[in-house]
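A look at the structure
So the chains spell out like this:
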Amino acid sequence: LSYNALKVVPDFNCRNLKTINLSSNLFDKIPLFIKNCTNLEEIYLEDNKISRIDPWFFSFEKMKYVSLSRNLISEIPKISSKFINLQKIEIHHNK
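So, here's what we can say about the structure. (Residues numbered from 1 in each chain as written. Predicted model: local features only at pLDDT ≥ 70, side-chain atom pairs only at ≥ 80, totals over all residues. Heavy atoms only, no water.)

Description of the pattern of salt bridges
For side chains bearing opposite charge, pairing can occur when the charged atoms are close. To be explicit about the condition: Whenever Lys or Arg places a side-chain nitrogen within 4 Å of a carboxyl oxygen from Asp or Glu, that contact is recorded as a salt bridge. Categorising residues by exposure relies on relative accessible area from a 1.4 Å probe, with only protein chains included: less than 20% of the type maximum marks a residue as buried, more than 50% marks it as exposed, and the intermediate range marks it as partly exposed.
Per the stated rule, a full pass over the model turns up four salt bridges. The salt bridge partner of E90 is K88, with a shortest N-O separation of 3.6 Å. Given the relative accessible area of 44%, K88 is considered partly exposed.

Printed below as a string of structure tokens:
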């Protein structure tokens, strides 16, 4: 779903997804359907217009890699202790 100028993504059954690439779109926040992707291990959200990270985002127990670089993020909320498998988070080139 990268490089599509998307602003929204309709809800769909994403429980079995392990990786999702939403890079280079026009999202101004992390899409809510992501909440239902409980088995995510990697998420790519770089090159969007995301300005904040909702606390729910840090509750994925299986998440290993997060890319939020090149957005408009100015503050990172406290990372939940549920984010235990996280190996790498990229957040460079934000505000």
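Concerning the sheet that holds strand β4 (residues 88-90)
Our working definition: Pairing between strands is defined by DSSP: at least two bridges between the two strands are required. Helix numbers and strand numbers start at the N terminus; a helix is a DSSP run of H or I with at least 4 residues, a strand a run of E with at least 2. Helix axes are fitted only over the stretch in contact, all axes being lines through C-alpha atoms; the angle between N-to-C directions runs from 0 to 180 degrees.
Across the sheet, which stays open at both edges, the four strands sit in the order β1-β2-β3-β4 with parallel pairing between neighbours. The sheet terminates laterally at β1 (19-21) and β4, the two strands that pair on one side only. Recorded for the sheet is a direction-independent mean angle of 5° between the axes of neighbouring strands. Sheet topology places β1 next to strand β2 (residues 42-44); three bridges connect them, and they run parallel. If you follow T19 over to β2, its bridge partner there is E42.

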